[in-house]
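One letter stands for each residue in the lines below.
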Amino acid sequence: MVKIQSSEITPEHVYINRRQFMRLGALAVGAAALAACARKPIQFEEQSSNSAGASAGATAANPPVDGAARDELGDPANSYEDITHYNNYYEFSTDKEAVARLSENFVTQPWTVEVGGLVNKPQTFGIDDLLKQFPREERIYRLRCVEAWSMVIPWLGFPLNQLLKAVEPTSDAKYVRFETIYDPEQMAGQESPWYNWPYIEGLRLDEAMHDLVLLTSGLYGKDLLPQNGAPLRVVIPWKYGFKSIKSIVKIELVAEMPTSLWMAAASNEYGFYANVNPDVNHPRWSQASERRIGELGRRKTLPFNGYAEEVAPLYAGMDLRVNY
Ligand SMILES: Nc1nc2c(c(=O)[nH]1)N[C@H]1C(S)=C(S)[C@@H](COP(=O)(O)O)O[C@H]1N2
Ligand SMILES: [Mo]
């Protein structure tokens with residue numbers, strides 16, 4: 001794994017915090033956020049010098065500073081503990097609190113990602129080379145699960161569009177299809193006959209090219225742990241969490257809309273677009289509000305998970321009740 005140098009990550013982090021601080025403007029941000037700005041870079045320095053190489057998890061001596069980072073709406077990031085111990089990852093378990101333990105020994109090295117299909121320059125990347133070629137940055141995003149819970153997560157990744165540009169999609173390419181590793185010996189959940197394994201997801205090409213879509217290999221300044229999709233997953237913050245497919249081995253440019261695992265399982269409940277939409281309920285529950293992990297009570301769900309300004313133009317003229 002590429003080790004993030006504190007010199008690479010600190011300026012970006014400081015920048016994000018300053019920008020957020022300015023956007024919050026007159027809001028009573030308080031001394032806590034100010035303290036966070038001052039404390040965070042030091043924390044990353046400590047981590048970089050302490051963590052001996054790849055995939056170092058948080059240790060007692062080296063804990064991430066929970067909640068110091070905030071999203072652009074001013075809400076604090078969830079704790080590292082919550083983000084790494086409340087996971088949807090059906091390859092390991094349908095029990096969110098069991099995924100961390102059951103994925104503990106999942107082997108993520110060596111790892112290759114095949115990028116091909118309707119492109120001029122297909123290429124298979126070793127994970128280390130991929131992360132060397134595309135430097136990571138921190139992005140603090142909300143993750144809104146279709147089950148109506150949410151978190152704020154400080155990811156480390158790079159825009160998917162950088163990788164797509166490198167392989168040069170042809171004019172026939174209209175969609176991007178993602179595939180998770182298929183390895184039932186390591187992933188007992190893949191023995192379940194209820195789903196069409198491997199996990200598949202997809203985006204329209206213009207969605208995939210949007211700068212918010214992050215190919216992600218870390219969080220809280222550390223390499224991803226298996227439960228969060230190590231070594232590489234995608235994060236699409238304006239869509240329900242199930243679109244953010246984990247442990248990717250294949251990215252293919254295709255002409256036809258891919259059928260995702262969830263579309264194949266229940267197309268009336270899980271559509272291709274899956275944009276976060278408080279006005280379109282799941283057939284079995286409301287999507288108007290959500291439970292932010294770590295909070296009491298519920299908060300209102302925002303259209304496109306709060307990213308409408310950036311992404312609503314992608315869907316101009318589309319009926320989002322039909323294209324759910
Ligand atoms: N391969 C794979 N990717 C997956 C899933 C899964 O079961 N398998 N679950 C999805 C769902 S429903 C959610 S909400 C997010 C959860 O990501 P997190 O555990 O990192 O918070 O991962 C998504 N990606
Ligand atoms: Mo989800």
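So, here's what we can say about the structure. (Residues numbered from 1 in each chain as written. Chains lettered and ligands numbered in written order. Predicted model: local features only at pLDDT ≥ 70, side-chain atom pairs only at ≥ 80, totals over all residues. Heavy atoms only, no water.)

1. Looking at the site of ligand 1
Note the cut-off: Any residue with a heavy atom lying within 4 Å of a molecule or strand is counted as near it. Here a polar contact is taken to be a pair of N or O atoms separated by no more than 3.5 Å, where protein atoms must pair a possible hydrogen donor with a possible acceptor and residues adjacent in sequence count only if both atoms sit in side chains. Areas reported here follow the Shrake-Rupley algorithm with a probe of radius 1.4 Å; residue values treat only the protein chains shown as occluding. Buriedness for pockets is judged along seven lines, at least five of which must meet protein on both sides within 12 Å for an open set on the 1 Å grid over protein atoms alone, while cavities are sets there where a 1.4 Å probe fits but cannot get out, and lining residues have an atom within 4 Å of a point. Those molecules having more than half of their atoms within 2 Å of a cavity or pocket grid point set are described as sitting in that cavity or pocket. Under the convention adopted here, Pro, Cys and the residues Ala, Val, Leu, Ile, Met, Phe, Trp and Tyr are nonpolar, Asp, Glu, Lys and Arg are charged, and Gly plus all remaining residues are polar.
Ligand 1 sits among 18 residues. The nearest are Asn87, Tyr90, Glu91, Ser244 and Lys246. The separation between a nitrogen atom of ligand 1 and a polar side-chain atom of Thr180 is 3.0 Å. Contact distances for ligand 1 include 2.7 Å between an oxygen atom and a side-chain N or O atom of Lys246. The fraction of the free accessible surface of ligand 1 (540 Å²) that becomes covered by protein chains is 98%. Comparing atom positions with the cavity grids shows ligand 1 to sit within the largest pocket. Considering only residue class, the shell around ligand 1 consists of eight nonpolar, seven polar and three charged.

2. Observations regarding helix α6 (residues 160–167)
To keep things clear, this is the line we draw: Think of it in three bands: with a 1.4 Å probe and only protein chains considered, a residue is buried below 20% of the maximum accessible area for its type, exposed above 50%, and partly exposed in between. In DSSP terms, a helix is any run of H or I states spanning at least four residues, a strand is any run of E spanning at least two, and both are numbered starting from the N terminus. Here the arc refers to the directions that run from the helix axis out to each C-beta atom.
For α6, the complete set of buried residues consists of Leu160, Asn161, Leu163, Leu164 and Val167. Angular distribution of buried residues about the axis of α6 spans 160 degrees; they occupy a single face of the element. Of the residues flanking the end of α6, it is Glu168, one or two places downstream, whose phi is positive at about 60 degrees.

3. Let's talk about the side chain of Lys246
Heads up, the condition is: When charges are counted, neither His nor the chain ends are considered; positive counts come from Lys and Arg and negative counts from Asp and Glu. Salt bridges are defined as contacts in which a side-chain nitrogen from Lys or Arg sits within 4 Å of a carboxyl oxygen from Asp or Glu. Contact between two residues is taken to exist if any of their heavy atoms lie within 4.5 Å; hydrogens are not considered.
Mapped onto the elements, Lys246 comes out in the loop between β9 (233–235) and β10 (248–254). Although Lys246 is buried, it forms no salt bridge, and the closest oppositely charged side chain is Glu91 at an N-O distance of 7.5 Å. Here Asn88 takes part through its backbone oxygen, which lies 2.7 Å from a polar atom of the side chain of Lys246. The contact partners of Lys246, leaving out residues within four places of it in the chain, are Asn87, Asn88, Tyr89, Thr180, Gln227, Asn228, Gly229, Leu232 and Arg233.

4. Brief notes about the sheet that holds strand β6 (residues 200–204)
Spelled out, the test is: DSSP-based pairing: two strands are paired if at least 2 bridges between them are found. Lines fitted to C-alpha atoms define the axes here, with helix axes fitted over just the stretch in contact, and angles between the N-to-C directions of these axes take values from 0 to 180 degrees.
Read from one edge to the other, the open sheet built from five strands follows the order β2-β1-β10-β5-β6, with strand pairing classed as mixed. Each edge of the open sheet is held by one strand with a lone partner, namely β2 (123–126) and β6. Taking the axes of each pair of neighbouring strands and ignoring which way they run, one obtains an average angle of 15 degrees across the sheet. Two strands pair when backbone bridges link them, and strand β1 (residues 112–117) and β2 are joined in this way by four bridges, in the antiparallel orientation. The residue bridging Glu114 from the neighbouring strand is Thr124, located in β2. Sheet strands touched by α6: β1, β2, β5 (175–180) and β10. Its angle to β10, the strand with the most contacts, is close to 60 degrees.

Fair warning: the whole summary comes from geometry, so function is off the table for now.
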